[in-house]
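Here is what each chain is made of, one letter per residue.
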Amino acid sequence: MKVCNFGSINADYLHQAPHIPASGETLAATDLDQGLGGKGANQSMAMVQVGAFGCSGPRWGLAARVA
């Protein structure tokens, strides 16, 4: 099955802190991690897991303008 996915793909930044800050408290992050997020990224991963193939919106849109 061919599926075309339209949604955002973002970079998520995950900051670790020693505890959940209280109201008005400022904490320094102890670690930083980066990962993929956004509706488009989640949908693309689900497509792969069910065996579908296709394209994601931004690449498809660029290809349509170039063609």
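All figures in this text were calculated on a predicted structure; none of them were measured in a lab.

Trainee: How do you make sense of the overall build of the protein chain when you look at a structure like this?
Mentor: Along the backbone of the protein chain there are two helices and four strands. In the protein chain, the succession of helices and strands from N to C terminus is β-β-β-α-β-α. The buried share of the protein chain, taken over its 67 residues, is 16%. Of all intrachain contacts in the protein chain linking residues separated by at least 6 positions in sequence, the fraction that spans at least 24 positions is 58%. Within the structure as shown, the protein chain displays about 5300 Å² of accessible surface, and the carbon and sulfur contribution to it stands at 59%.

Trainee: Whenever I open this one, the environment of Asn-42 confuses me. Can you help?
Mentor: Within the secondary structure layout, Asn-42 lies in helix H1 (residues 39-49). Overall, the relative accessible area of 52% leaves Asn-42 in the exposed class. Along the primary structure Asn-42 and Gly-7 are separated by 35 residues, whereas in three dimensions their C-alpha atoms are 9.0 Å apart.

Conventions and cut-offs
- Residues numbered from 1 in each chain as written.
- Predicted model: local features only at pLDDT ≥ 70, side-chain atom pairs only at ≥ 80, totals over all residues.
- Heavy atoms only, no water.
- Helix = DSSP H or I, 4+ residues; strand = E, 2+ residues; numbered from the N terminus.
- Buried < 20%, exposed > 50% of the residue type's maximum accessible area, 1.4 Å probe, protein only.
- Contact = heavy atoms within 4.5 Å.
- Areas by Shrake-Rupley, 256 points an atom, 1.4 Å probe, with all protein chains shown as cover.

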